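# Coordinate inspection notes
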Amino acid sequence: MAFDITPYIDKKPAEVRQLIREGRIDFPTAGMCRGYAQANLVILPPEYAADFEEYAKRNPSPCPILEIIRGEQPLTHDMGEGGNICSDIPRYRVYEHGVFTKELTDASDYWKEGYVGFLIGCSFSFEEALMREGIEVRHIAQGRNVPMYKTNIQTVKAGPFEGPMVCSMRPMTPENAQKAYDITVKMPNVHGAPVHMGDPAQVGVADVMKPDYGEAVDIYEGEIPVFWPCGVTPQAAIENAKPPIVITHAPGHMFITDVLNTELNEFLERKKAALTNEP
């Protein structure tokens, strides 16, 4: 299904989050709020939070943590003061005992004190850098959700969390694929470099036109599929861990932060240094 993000390309994140909160945006956020980092979401009951945090640390490429939200209210601070992880994402998924049961536009009824939310870096954040270098991002050009696939690359287990790495795919010429590698390898907090360029079968994808999440995009003659680690990976791990309840973003529907992509790495390094120096 095609959708038009043109009215939202140059809006500020707080403006778009408000439109999402009001139910006026319920479609994927790729290309919105040009320049600002976007984030995936996982919300877990407290008894699963420590294992998931360890899982993310052991798998930093698909699961780079940007902020952990704890407390009575599901409000963000580092990634956007006053943002709400239960209402400011266009669509959410609910998993019960590892099974995807429903999709919602507001998850506020599910938050309980003690629950823990994780905002995880998103590949939508590096797409601006690709386009700035003249590399077309096909799903944005075609007004579709990015195609995502469960691969045969296994993540490192932590507690009950384990499973395949999910990868997003963008087709491009081999020359642009190398340029894209050189750009994204410098952006580890939004998944970094591709894990595979070329034959999809080598990462266990039998049919690149049948993604597990998102929508297929056209691949033109002379192009190759390029696969990046994806923040939907936790949803595959959730299917194995089977917590009683988990709330995630719907694939392609992100939390838009107030942090610029160009400042994200430095911002997180300062935050890490501040935590290290705490008494």
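Reading guide: rules and limits
- Residues numbered from 1 in each chain as written.
- Predicted model: local features only at pLDDT ≥ 70, side-chain atom pairs only at ≥ 80, totals over all residues.
- Heavy atoms only, no water.
- Helix = DSSP H or I, 4+ residues; strand = E, 2+ residues; numbered from the N terminus.
- Rg over C-alpha atoms; globule rule 2.2 N^0.38 Å.
- Buried < 20%, exposed > 50% of the residue type's maximum accessible area, 1.4 Å probe, protein only.
- Areas by Shrake-Rupley, 256 points an atom, 1.4 Å probe, with all protein chains shown as cover.
- Lys, Arg positive; Asp, Glu negative; His and termini not counted.
- Charge placed at Lys NZ, Arg CZ, Asp CG, Glu CD.
- 1 Å grid on protein atoms, 1.4 Å probe; cavity = no way out; pocket = protein on both sides within 12 Å on 5 of 7 lines; lining within 4 Å.
- Points joined across faces, edges and corners; volume = space filled by probe spheres on them.
- Nonpolar A, V, L, I, M, F, W, Y, C, P; charged D, E, K, R; others polar.
- Pairing = 2+ DSSP bridges.
- Contact = heavy atoms within 4.5 Å.
- Axes fitted to C-alpha atoms, helices over the stretch in contact; angles between N-to-C directions.
- Salt bridge = Lys/Arg side-chain N within 4 Å of Asp/Glu carboxyl O.

### Description of the overall build of the protein chain
- The helix and strand tally for the protein chain stands at seven helices and eleven strands.
- Over its C-alpha trace the protein chain gives a radius of gyration of 17 Å, about what one expects of a compact globule, namely 19 Å for 279 residues.
- In terms of overall dimensions, the protein chain has C-alpha extents of about 55 × 40 × 40 Å along its principal axes.
- Per-residue burial for the protein chain yields a buried fraction of 55% across its 279 residues.
- Total accessible area computed for the protein chain in this model is approximately 11900 Å², and 49% of it derives from carbon and sulfur atoms.
- Computing the positive centroid from 26 side-chain charges and the negative centroid from 39, the protein chain places the two 1 Å apart.

### Describing empty space enclosed by the protein
- By the definition in use, this model includes one cavity of 30 Å³ or more.
- Taken as a whole, the largest cavity holds about 50 Å³ of empty space.
- Taken together, 13 residues form the lining of the largest cavity, with Asn40, Cys122, Ser123, Cys230 and Met254 sitting closest to its centre.
- Tallied by class, the residues present in the lining of the largest cavity amount to seven nonpolar, six polar and no charged.

### Description of the sheet that holds strand S6 (residues 148-154)
- Strand order in the open sheet formed by four strands is S6-S7-S9-S8, and the pairing between neighbours is antiparallel. The open sheet has two free edges, formed respectively by S6 and strand S8 (196-197), since each of these has just one partner strand.
- In this sheet, strand S9 (residues 224-229) lies alongside strand S7 (residues 164-172) in antiparallel orientation, the contact comprising six bridges. Of the residues in S9, the one forming a bridge with Arg170 is Val226.
- Here helix H5 (residues 174-184) sits on the sheet in contact with S7, S8 and S9, set at roughly 15° to S9.

### What about the layout of surface pockets?
- Estimated volume of the largest pocket: approximately 480 Å³.
- Within the residue set of the lining of the largest pocket, elements represented by two or more residues are helix H2 (46-58), strand S2 (65-69) and helix H7 (261-276).
- In terms of residues, the lining of the largest pocket owes the most to one element, H7, which gives five residues.
- Residue classes in the lining of the largest pocket are distributed as nine nonpolar, one polar and six charged.
- Taken as a whole, the second largest pocket holds about 290 Å³ of empty space.
- Together, 22 residues line the second largest pocket, and Ile5, Gly31, Met32, Met131 and Ile140 are the ones closest to its centre.
- Breaking the lining of the second largest pocket down by element, the ones donating at least two residues are strand S1 (36-44), helix H3 (124-132) and helix H4 (138-141).

### Brief notes about the pairing of S9
- In terms of burial, S9 is a largely internal element, five of the six residues being buried.
- Bridge count for S8 against S9 is two bridges, and the pairing is antiparallel. Opposite His196, over in S9, you have Phe227 as the bridge partner.

### Thoughts on the pattern of salt bridges
- Evaluated as defined, the whole model comprises 18 salt bridges.
- A salt bridge links Arg21 to Asp88, with the shortest nitrogen-to-oxygen separation between them at 2.7 Å. In this pair, Arg21 sits in helix H1 (residues 13-21) while Asp88 sits in the loop between S2 and strand S3 (92-96), placing the two residues 67 residues apart along the sequence.
- Taking the relative accessible area as the measure of exposure, Asp88 reaches 0% and is therefore buried.
- Between Glu128 and Arg132 there is a salt bridge; the shortest N-O distance is 3.5 Å. Here Glu128 pairs with Arg132, and both are found in helix H3, just four residues apart, close to one helical turn.
- The exposure class assigned to Arg132 is exposed, which follows from its relative accessible area of 52%.

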